[in-house]
Amino acid sequence: MAEYLDQPFSMLIGLSVLVLAVALLASVVKLRADIRTLRTTSNQQLKRLNARVAQLSNEHSEVASALDDLCDSASIASAPDSSLAVTPAEQENRIIKSILNEGDLPKGLEKAFELLHPSPESTLWMAFGISVLDQNTKTLKLAWHQGIKEAVARQFSEARLIHGSAPHATSALLGEHVVVRREPAAQKHRDQPPATRLPEAVQAWHSFPIKKVDGSVLGTFDILSFNEGFPLPDSNRIANYLFVTSIILERHSYLNGILSQARTDKLTGLTNRGFAEESLVKEIERSQRYRNPLSVVLFDIDHFKSFNDTYGHDVGDLVLQEVSRLSAGAIRSTDVLGRWGGEEFLVILSETTLDSAMVVAENVRKAVESAHFEVCRSVTISLGVAEFTPHDTAQSLVKRADEALYKAKKAGRNRVLAQSKVA
Ligand SMILES: Nc1nc2c(ncn2[C@@H]2O[C@H](COP(=O)(O)OP(=O)(O)OP(=O)(O)O)[C@@H](O)[C@H]2O)c(=O)[nH]1
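Keep in mind the model is a prediction, meaning the values are calculated, not measured. (Residues numbered from 1 in each chain as written. Predicted model: local features only at pLDDT ≥ 70, side-chain atom pairs only at ≥ 80, totals over all residues. Heavy atoms only, no water.)

1. Description of the site of the ligand
The local shell around the ligand holds 17 residues, among which H303, F304, K305, D317 and R339 are the closest. Contact distances for the ligand include 3.0 Å between an oxygen atom and a side-chain N or O atom of D300. Here the ligand loses 67% of its free accessible area of 670 Å² to cover by the protein chains. Per-element tally for the shell around the ligand: the top contributor is helix α10 (residues 313–330), with four residues. Its residues placed into classes, the shell around the ligand shows four nonpolar, five polar and eight charged. (Near = heavy atom within 4 Å. Polar contact = N/O pair within 3.5 Å; in protein donor to acceptor, adjacent residues only side chain to side chain. Areas by Shrake-Rupley, 256 points an atom, 1.4 Å probe, with all protein chains shown as cover. Helix = DSSP H or I, 4+ residues; strand = E, 2+ residues; numbered from the N terminus. Nonpolar A, V, L, I, M, F, W, Y, C, P; charged D, E, K, R; others polar.)

The structure is reproduced here in structure tokens:
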């Protein structure tokens, strides 16, 4: 009897084992397929990343090989003398290579200055400076100087690109060597604009444009001469020096470009979340060290989903861009405005108390409310404000602003609310 009972029972067990084996096989096959897909995707990402790295290193190696060519030509030109321990050409090579390894702009320019071989007398009778052209603001900014008095350096630390406003502005505009000499007192025009007047004791101001290979101007090299009888550095040396500084400035602007790309939100042009977070952490450290007030405003576009749903994603994107522009216009340029999430923004207001931050937030709200938007006509935002306390972290501070923002939404939107009292 027991034998009859055992037979179907063992068949049942056999069948279950078979089903389990098939299920196991199927999941192994699926797992292998998943791994293959994952590998292909990450391989593709890796390939794209590698291509970008190769492109970057190509661009860098072009700069490096240009400098190596310069080193080689310098070595050939001055036929190394084997009896000397270090030839001038070798010394120059060393300077150029150390410039290549220098990431800091003023330090790189300081090192490059050695290539001019200024004599001790020339540094007595002359002062030197390098200004970098900021293409966005069309302004020349003094990046390095030697021998220029602080007051003069401050006066010329920024110069707008206006013809005649200053010798270096004219030089950058024309792309030519410009020299402005002190006129004898008798010939001086009384109505000459002050900016074109030379700084006290300066007899002549020579300005040389620093250009890229394509001819576009990156900045200027300036020599202020206190004694016209004293000769300028040799013109070949100046040409070599301008070439090296052009590479330094180009690399600097290239790296800055990459850096600012990594920090910018593509759609709105605002600081992205990663960089806004970094800035907030830095501001918190500063606030803790100097005991300065610090506040943040978190805001969000009201009913933003309905703009997307009614007019489409493109109009939604335009609304985001316009709100970014209006908000940026309502705050100081020193404040940080970042895109925090989809339609959420964070403003970091250093040295600002809660009360003042409420005023700023209200200005931002009004700027958006009173603007006319194409297609959807009007847009409003809700804002939450919080002030830093000594025990805050970046997260806890933003969280309080977020709670206030949530309350502003609940209270009917289009309003500013402050954090609840902090214990
Ligand atoms: N066009 C566009 N839409 C985005 C972007 N990022 C996020 N969004 C959309 O933003 C909408 C946010 O919707 P919700 O979180 O419901 O908020 P809301 O509609 O603004 O409602 P309230 O905040 O309560 O006033 C979602 O539909 C997202 O798809 C973007 O870059 N472009």
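2. A short note on the confidence of the model for the chain
Low-pLDDT portions of the prediction should not be read for the details of their coordinates. Looking at the chain as a whole, the pLDDT averages 83, with 76% of positions reaching at least 70. A low-confidence stretch, residues 71–83 stays under pLDDT 50, and its non-local contacts, those more than four residues away or across chains, total ten contacts. Throughout residues 191–195 the model reports pLDDT below 50, and contacts reaching past four residues in sequence, or to other chains, amount to five contacts. Across the whole predicted complex the pTM is 0.58, and at the interface the ipTM reaches 0.88. (pLDDT = per-residue confidence, 0-100. Contact = heavy atoms within 4.5 Å.)

3. A look at unusual backbone geometry
Despite not being glycine, H117 has its phi angle at roughly 50°, a positive value. With respect to the helices, strands and loops of the structure, H117 is situated in the loop between α3 (105–113) and α4 (120–125). Judged by its relative accessible area of 36%, H117 is partly exposed. Although it is not a glycine, R377 sits at a positive phi angle of roughly 60°. Positionally, R377 belongs in the loop between α11 (354–369) and β10 (381–387). (Buried < 20%, exposed > 50% of the residue type's maximum accessible area, 1.4 Å probe, protein only.)

4. Quick notes on the packing of aromatic side chains
Using the criterion set out here, one finds eight aromatic pairs in the structure. Look at F113 and W144: their rings are 5.0 Å apart centre to centre, the planes differ by 50°, and that puts the pair in the tilted class. Linking F113 in helix α3 with W144 in strand β2 (residues 139–146), this pair joins segments that are 31 residues apart in sequence. Taking relative accessible area as the criterion, F113 reaches 4% and is therefore assigned buried. What makes W144 buried here is its relative accessible area of 5%. (Phe/Tyr/Trp six-rings, centres within 6.5 Å; stacked < 30°, edge-to-face > 60°.)

5. Description of the nonpolar core
Counting 30 residues, the largest nonpolar core has F299, I301, V319, V323, F373 and V379 as the members making the most contacts within it. Of all the secondary structure elements, the ones that give two or more residues to this core are β7 (294–301), α9 (304–311), α10, β9 (344–350), α11 and β10. Considering every element that reaches this core, the biggest residue donor is α11, with six residues. Not counting residues within four places of it along the chain, the set of residues in contact with I301 comprises F307, V319, L320, V323, E343, F345, V379, T380, I381 and K409. (Core = buried A, V, L, I, M, F, W, Y, C linked by side-chain atoms within 4.5 Å.)

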